[in-house]
Amino acid sequence: MTSDSDYITYAYLETTNYCNLDCSFCNRDEVIGPLKHMSLEDWGKLLDGLKHHPIGEAKLMGMGEPLLHPQFDVICKIFKEVFPKCKLIVASNCQYNIKEGLEFRRKFQECLKYIDVLYFSIDGYKENYERDRAPAKWSRLIQFLKDFETINRYDCDVVVNYVVNAYNIEDIEKVDNLRKENNLGVLRLNIAQIWDGDVKMSDDIATSGYTEEQLNYLRDNWSKNIMGRSKWDFKDCFWVNNALYTTVEGDVKMCCLNTGAESFGNLFENSIDEIRLMGDYQNVKKGCNKNNPTSHCKNCSYKELVPILSYLGIQ
């Protein structure tokens, strides 16, 4: 790399593609390969190939539920040994038994020594939650939160991550009250997007069918909780310049918004710096930088999201 502007500062790393849910907004069944947990040996090799980059924030997630990795506590520990100053973020669907005395509880609590921010994914209330996160059970979530009361959080900031769609807007306040009752951190609202590069947000009523009344409700009551930027164009995309998305197999994708795209290369076959200099990668990067995106970005749901975020008053 020849310039500081080319270094990776944000990483989105998948260590397992196993999942215990079939969420309505997830396209994992269309894009994942054989079910796999990344071995600790491969994890070490992957991080060794990235350690020269000043990664300041990383998410250990992807098309799987991170905590299903049988050695996820060790995964987190190794990551922090390589990147001790990096902000480590993990998401959980909370569909686990963490009662006292269980081995899973011990591993879960051990992870919290290394995770800086843990997202509890709670999208909707009761029936709506179970619909969008099938086969999740609301009762299992409530039991998880009850058992979590006695977990040592260490210095981990545990927050609620809520994916908003046209069918669960009315549940936001209920989940926010649940958050307060369980002494959790902030409520993060993410307007639902599509992770399939061949599908537009407008193709799905759940991601495009908001009424004016619903949008006004979000703007007037929840704008401070909504994530994202309204002043955004392809030239502002940080993924092409300073971010990394990898699958459990080590395949490099451009971003988490086009998970079905062909891999640009594999980290167990080429270095990340070599992959980022390859023609296909450079074409996508240059297209975004010139605000003339290639076909890879034709259905970017973040671009589609901009008018909604602007209406909601998000800067």
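To be clear, the structure that these remarks concern was listed above.
The structure presented is a predicted model; accordingly, all values stated were derived computationally and were not measured. (Residues numbered from 1 in each chain as written. Predicted model: local features only at pLDDT ≥ 70, side-chain atom pairs only at ≥ 80, totals over all residues. Heavy atoms only, no water.)

Considerations on the environment of Lys-174
- Along the polypeptide, Lys-174 turns up in helix H7 (residues 172-181).
- Separated by 48 residues in sequence, Lys-174 and Lys-126 have C-alpha atoms that sit 9.8 Å apart. (Helix = DSSP H or I, 4+ residues; strand = E, 2+ residues; numbered from the N terminus.)

Notes on the nonpolar core
- Core analysis: the largest hydrophobic core is formed by 100 residues, its most contacted members being Leu-13, Trp-43, Leu-60, Phe-79 and Phe-120.
- Discounting chain neighbours no more than four positions away, the residues touching Phe-120 are Ser-92, Cys-94, Phe-144, Leu-145, Phe-148, Val-158, Val-159, Val-160, Asn-161 and Leu-184. (Core = buried A, V, L, I, M, F, W, Y, C linked by side-chain atoms within 4.5 Å. Buried < 20%, exposed > 50% of the residue type's maximum accessible area, 1.4 Å probe, protein only. Contact = heavy atoms within 4.5 Å.)

So, the packing of aromatic side chains
- Applying the stated rule across the entire model yields 18 aromatic pairs.
- Residues Trp-232 and Tyr-302 carry aromatic rings whose centres are separated by 5.1 Å and whose planes lie at 65° to one another, so their mutual orientation is edge-to-face. Here Tyr-302 lies in helix H13 (residues 301-311) and Trp-232 lies in the loop between helix H9 (212-222) and helix H10 (239-242), a separation of 70 residues in the sequence. Taken individually, Trp-232 and Tyr-302 each receive the classification buried, so the pair is uniform in this respect. (Phe/Tyr/Trp six-rings, centres within 6.5 Å; stacked < 30°, edge-to-face > 60°.)

So, H13
- Those residues of H13 lying buried are Ser-301, Tyr-302, Leu-305, Val-306, Ile-308 and Leu-309.
- On its buried face, H13 is in contact with strand S6 (187-191) and H9.
- Phi turns positive, to about 85°, at Gly-313, one or two residues after H13.

What about the environment of Leu-244?
- Along the polypeptide, Leu-244 turns up in strand S7 (residues 243-246).
- For Leu-244, the contacting residues outside a window of four places in its chain are Ile-8, Tyr-10, Ala-11, Tyr-12, Leu-13, Leu-50, Trp-239, Val-252 and Ile-272.

Concerning the packing of helix H2 (residues 40-48) against helix H3 (residues 72-82)
- Following both chains from N to C, one finds H2 and H3 inclined at 25°, their axes separated by 11 Å at the closest point. Here H2 lies roughly parallel to H3, going by the angle between them. In the crossing of H2 with H3, the sense of the turn from one axis to the other is right-handed. For the pair H2 and H3, contact is made by Leu-40, Trp-43 and Leu-47 and by Val-74, Ile-75, Ile-78, Phe-79 and Val-82, respectively. (Axes fitted to C-alpha atoms, helices over the stretch in contact; angles between N-to-C directions. Parallel < 35°, antiparallel > 145°, perpendicular 65-115°, else oblique. Left-handed = near helix turned anticlockwise from the far one by under 90°.)

Focus on the sheet that holds strand S5 (residues 157-164)
- Taken in spatial order, the 8 strands of this open sheet run S6-S5-S4-S3-S2-S1-S7-S8, and their pairing is mixed. With one partner strand each, in any of the chains shown, S6 and strand S8 (252-253) form the two edges of the open sheet.
- Here 2 bridges tie S7 to S8, and the two strands are oriented antiparallel to one another. Counterpart to Thr-246 in the pairing with S8 is Val-252. (Pairing = 2+ DSSP bridges.)

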